[in-house]
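# Results of the structural survey
So you can see what is in the structure, the chains are spelled out below.
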Amino acid sequence: MSETNSAASPAEGATAPHRYTAAMAAEIEPRWQDFWDAEGTYEAPNPTGELAGDPELAARPKKFIMDMFPYPSGAGLHVGHPLGYIATDVYARFQRMTGHNVLHTLGFDAFGLPAEQYAVQTGTHPRTSTEANMANMRSQLRRLGLGHDNRRSFATIDPEYYKWTQWIFLKIFNSWYDEEAGRARPIEELIAQFANGDRVAVEGRDWADLDARERAEVLGRYRLAYASDAPVNWAPGLGTVLANEEVTSEGRSERGNFPVFKAKLRQWNMRITAYADRLLDDLDGLDWPEAIKLQQRNWIGRSEGARVDFPFDGEHTGKAVTVFTTRQDTLFGATYMVLAPEHELVDEIVPAAWPDGTRESWTGGHATPAEAVEKYRAFAAGKSDVERQADAKEKTGVFTGAYAVNPVSGEHIPVFIADYVLMGYGTGAIMAVPAHDSRDFAFARAFDLPVRCVVEPTDGRSTDPLTWDDAFNAHDATLMASANAEVSLDGLDVTTAKARITGWLRERGIGEGTVNFRLRDWLFSRQRYWGEPFPIVYDEDGVAHALPESMLPLELPEVDDYSPRTFDPDDADTQPETPLSRNEDWVNVTLDLGDGPKKYRRETNTMPNWAGSCWYELRYLDPHNDQRLVDPETERYWMGPREGMPAGGVDLYIGGAEHAVLHLLYARFWSKVLFDLGYISSSEPFHKLYNQGMIQAYVYRDSRGIPVPAAEVEERDGTFWYQGEQVSRLLGKMGKSLKNAVTPDEICAEYGADTLRLYEMAMGPLDVSRPWDTRAVVGQYRLLQRLWRNVVDEATGEVSVVDVPEAEAGTDTLRALNKAVDGVTQDMAALRFNTAIAKVTELNNFLTKADRPVPRPVAEKLVLLIAPLAPHIAEELWRRLGHQDSVVHQELPVADPAYLVDETVTCVVQIKGKVKARLEVSPSVSEADLEQAALADERVQAALGGAGVRKVIVRAPKLVNIVPA
Ligand code: ANZ
């Protein structure tokens, strides 16, 4: 390629044998990558290691900079993937050059469904395919010159790593949440409380009298990891159960988009709900994007309200159902009740026959309440929770035949079952207040139930609900028609009324204020092969026992058939089968767990793919420690609380915004448990979180809408053509299936990694999505060519700088230099790499235009400034400038404030050609501003002596000539 448009190109093509080209980059880049590896350039010192013997090093502040680690997918990387990795790398390099000890590395999140499905598709063992994928990604990443401490890299599938994942599981299993202390404690401390009678395990029985099974049952209600029979999300098409976080808002599996059904199955759970308040409160201290904090807050979903007991009427006197409401103030307006169809009380309250006067429309056309309930349950079971909450106006349900009593009005109100009430929220039962809740309003209209207004409308409508189209649900209003002989809410505002009625209910023992969370416990078992085995075995009575630490890691057995058993995606009546259960030799074991050899069966579920990423930041700190999860001093040094980060954590964590409630919530939860148990000093894993934007790409489609290879599309006057056919163009995702993937390897081959790095960082602000444009990459390549030319003679290969002291570089040059130093430093600290590049470019262009040899001190500072962005060329130029040490650990230049003040020029002000004043003005002053400044000057005013002005001639910035009237 020859450059014809370059003004400062002293030599062309063959006459410039030492020009910076792709070929030269291909020689320089791997050479320095090898050098960095050999020298351990990016190895971060630990307090128990290198830091201990080096007070100077130990005195430096630290920065722990992390990426969300990748899945080693079979498709390899496209140019969109490394955007975040390059950004953290530039930032890490910047921090190294500003006096920090930097920890920066990258591992692989290699267990889980994607890796397993890929293995199943390609018919290879997941370990084989995963390892091949990792090797491929490692080499793709290495090519980018990322400064990782490779000693600290690992994959979650390494037995030395998952040994500790299993160890943490055991710690969680062996802990309980002490509500009073507000923290997790070892389960032995709970057992001690039971044993000495401080706490009652089972009403009326001594702990000592309980058998092993009963004790296990009691403890299971406290353990932070526990197995339970509960309705879980079952995806027959995937062959596994899923956590709520893995189910989309359409009620399908996030992975594979299969239907998800509720099925009652015995599964492992993590009691994340015990931490709901702390997970919510501690968000305030984190430096995270507000949008992500909001998503977590909504997911945790704290609602303040009350539980109220409604006694059943008639033959069920003595029984009551508890509802959860956030509007206890509207209790006088509750005219019917609804239980979730699955509610356990339903079967107990259903009478043999419809009570007298039951309306036809309430029965669903069925002869008995029992039949109506059964039919309606079958109907509701076919819907997902999401479908049940959708179609706001279309309400279905049936009468149970039972009545309850409104505890404040004494009114007898009918009890329905309806699918708009979910079993998994609150108590699974509601009091319905149709006047003030839209769902209840719609239901009341459909079933012809009374609607009673108890909150005075503020929007001009009357208090007669018969005239309404919808409920009145504003909160800034006043109560009415809400009094009985003992309590009146009339005239109170909603907040005061809530407090008043809650107090009244509490005094009578029929209700209390309560907080309800949307968050559910985390379903923690999967029916897969490719995950961490649970370190749990069952004895002959089915009691679960933890394996002792000495038996960790419990390695995955080698099996012939690792595929999950999948089913017809729509067949809800199927049952999951764990691949590990097929391996009887592994499942049945004889172990001595302290009371002699006994037979046990192993747990055959595996952990979800989120387990390994719940704590990996901790292992980066101390990856080879085989005695502990992490050395405490090392953890405190890199992650401990500090000024401005009260909970501690990683200094910068960059990744995609899609992980708001999965990984980021689970990792916070594990940190808090480990913190409570005293294993770590940081109670939050990630202090600062930053979401990078996406690299998008044009998708070209033919007339049938099928993507065509983007690289082969031609542009003709704004239209796009592929093999003679016109195609459409739209901006979308980049990927193999859209035939528009560009790989980093291609760009590295064509221009070099430094160009790719610069291009990705220059495309726009880091948090904004941007379209990839291969044709624009060359712009950054030219920047590097001009940089090279400012330091090296292209004809001879000799360094072309002049050896003069910096002070003799000339004021203009020093201004340009110091402005760049100042701006780049500030930009890099704020992750504004695009504007940092603009400033480096400006300085480089200034030196190019000056068209004389660059003073050595200026060239050196320029090289240092660009080093975080383009480390290979910087290392090469630094060496050629005569330095033996790597550029990586040099100090970034500091701007001299003397050169940051804007320069001025002297402007002469004349009246009728005679100089009357001199003004110091900016060289870029506008004509209008200059005219105004000249006319406002006292000396000019005095010289004019009140005479008007006929004409002003301005030649900015040097001259103003005034012609008086
Ligand atoms: C009476 C009432 C009157 C209500 C009113 C609202 C307005 P959030 O804010 O999401 O917590 N609810 C309670 N449990 C439910 C369940 N299992 N399925 C469906 N709905 C349920 O919502 C709490 C409100 O949602 C509760 O307050 C209850 O209806 C309903 F003017 O009680 B409310």
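Predicted model, so just to flag it, every value in this text is computed and none were measured.

### Examining the packing of aromatic side chains
Aromatic ring pairs are described here by two measures, namely the spacing of the ring centres and the angle between the planes. This model, assessed by the stated rule, comprises 53 aromatic pairs. When the ring of Tyr529 is compared with that of Tyr562, the centres are 6.2 Å apart and the planes differ by 40 degrees; the resulting orientation is tilted. Remark: Tyr562 occurs in the loop between β17 (544–546) and α16 (584–587) and Tyr529 occurs in the loop between β15 (522–523) and β16 (536–538); sequence separation between them is 33 residues. Overall, the relative accessible area of 1% leaves Tyr529 in the buried class. One aromatic cluster is present, formed by Phe169, Phe173, Tyr177, Trp268, Tyr275, Trp522, Phe524, Phe534, Trp610, Tyr666, Phe669 and Trp670 through successive ring pairs. The ring of Trp468 has Arg461 lying over it, and the distance from NZ or CZ to the ring centre is 4.7 Å.

### Comments concerning the site of the ligand
With respect to spatial proximity, 17 residues lie near the ligand, and among them Ser303, Thr325, Leu422, Tyr425 and His436 are the closest. With respect to the ligand, the backbone of Thr326 contributes an N or O atom lying 3.0 Å from an oxygen atom. Take Leu422: an N or O atom from its main chain is 2.7 Å from a nitrogen atom of the ligand. For the ligand, the protein covers 84% of the area, taking 650 Å² as the surface of the free molecule. Put simply, the parts of the chain that give the shell around the ligand at least two residues each are β9 (320–325) and β13 (429–432). Broken down by class, the residue content of the shell around the ligand amounts to 8 nonpolar, 6 polar and 3 charged.

### Description of the UniProt feature "binding site: ATP" (unreviewed entry) in the chain
Here, the residues flagged by UniProt with the feature "binding site: ATP" (unreviewed entry) are Lys736. Not counting residues within four places of it along the chain, the set of residues in contact with Lys736 comprises Ala75 and Ala741.

### Some thoughts on the nonpolar core
By size, the foremost hydrophobic cluster in this structure holds 185 residues, and its most contacted members are Phe169, Trp522, Phe524, Trp670, Met761 and Trp772. Examining the composition of this core, we find that 9 residues originate from one element, helix α6 (residues 159–173), more than from any other. Non-local contacts of Phe524, meaning those with residues more than four positions away in its chain, are made with Phe169, Trp268, Asn269, Met270, Phe534, Thr606, Met607, Pro608, Ala611 and Trp670. By size, the runner-up hydrophobic cluster in this structure holds 64 residues, among which are Val308, Phe332, Phe399 and Phe472.

### Topic: the pattern of salt bridges
Enumeration according to the criterion identifies 56 salt bridges in this entry. The partner of Arg151 in a salt bridge is Asp149, with the nearest N and O atoms 3.0 Å apart. Of the residues examined, Arg151 reaches a relative accessible area of 32% and is grouped as partly exposed. Judged by its relative accessible area of 0%, Asp149 falls in the buried class. Via salt bridges that share partners, Glu43, Glu50, Asp149, Arg151 and Arg152 belong to a single interconnected network.

### Section: the environment of Pro632
Here Pro632 lies in helix α18 (residues 632–639). Note: C-alpha distance between Pro632 and Glu715 (83 residues apart in sequence) is 60 Å.

### A look at the environment of Thr813
Structurally, the position occupied by Thr813 is in helix α23 (residues 811–829). Distance from Thr813 to Val854, taken between C-alpha atoms, is 9.4 Å for residues 41 residues apart in sequence. Those residues in contact with Thr813, other than ones at most four positions away along the chain, are Phe846, Leu847, Arg852 and Val858.

### Focus on the sheet that holds strand β21 (residues 689–691)
Taken in spatial order, the 4 strands line up as β2-β1-β20-β21 in an open sheet, and their pairing is parallel. Edge strands, defined here as strands with exactly one partner in the open sheet, are β2 (101–103) and β21. The mean inter-strand angle of the sheet, taken between neighbouring strand axes irrespective of direction, is 20 degrees. By the bridge criterion, 3 bridges tie strand β1 (residues 62–67) to strand β20 (residues 652–655) in an arrangement that is parallel. Of the residues in β20, the one forming a bridge with Asp67 is Ile654.

### Points about the packing of helix α3 (residues 83–96) against α23
Between α3 and α23, the least distance of the axes is 10 Å, while the angle of their chain directions is 120 degrees. Here α3 is positioned oblique relative to α23, judged by the angle of their axes. Crossing of α3 over α23 shows left-handed handedness. Together, Val90, Tyr91 and Phe94 of α3 and Thr825, Met828 and Ala829 of α23 make up the contact between the two elements. Considered class by class, the residues forming the contact of α3 with α23 number 5 nonpolar, 1 polar and no charged.

### Re the pairing of β13
Along β13, one buried face is formed by Ala429 and Met431 and the opposite face, lined by Ile430 and Ala432, is buried too. As paired elements, strand β10 (residues 336–339) and β13 share 4 bridges and run antiparallel to each other. Residue pairing in the sheet places Leu339 in a bridge with Ala429 of β13.

### Focus on the sheet that holds strand β19 (residues 597–602)
What links the strands of a sheet is backbone hydrogen bonding, and the strands pair in either a parallel or an antiparallel sense. An order of β17-β16-β19-β18 is seen for the 4 strands of this open sheet, with the pairing classed as antiparallel. Each edge of the open sheet carries a strand with a single partner, namely β17 and β18 (588–592). Each strand axis lies, on average, 50 degrees off the axis of its neighbour in the sheet, ignoring direction. Relative to β17, β16 is paired through 3 bridges, and the arrangement is antiparallel. By the bridge assignment for β17, Val537 is matched with His545.

Rules used throughout
Residues numbered from 1 in each chain as written. Predicted model: local features only at pLDDT ≥ 70, side-chain atom pairs only at ≥ 80, totals over all residues. Heavy atoms only, no water. Phe/Tyr/Trp six-rings, centres within 6.5 Å; stacked < 30°, edge-to-face > 60°. Helix = DSSP H or I, 4+ residues; strand = E, 2+ residues; numbered from the N terminus. Buried < 20%, exposed > 50% of the residue type's maximum accessible area, 1.4 Å probe, protein only. Lys NZ or Arg CZ within 6 Å of the ring centre and 35° of its normal. Near = heavy atom within 4 Å. Polar contact = N/O pair within 3.5 Å; in protein donor to acceptor, adjacent residues only side chain to side chain. Areas by Shrake-Rupley, 256 points an atom, 1.4 Å probe, with all protein chains shown as cover. Nonpolar A, V, L, I, M, F, W, Y, C, P; charged D, E, K, R; others polar. UniProt positions renumbered as here; feature names shortened; annotations may be inferred. Contact = heavy atoms within 4.5 Å. Core = buried A, V, L, I, M, F, W, Y, C linked by side-chain atoms within 4.5 Å. Salt bridge = Lys/Arg side-chain N within 4 Å of Asp/Glu carboxyl O. Pairing = 2+ DSSP bridges. Axes fitted to C-alpha atoms, helices over the stretch in contact; angles between N-to-C directions. Parallel < 35°, antiparallel > 145°, perpendicular 65-115°, else oblique. Left-handed = near helix turned anticlockwise from the far one by under 90°.

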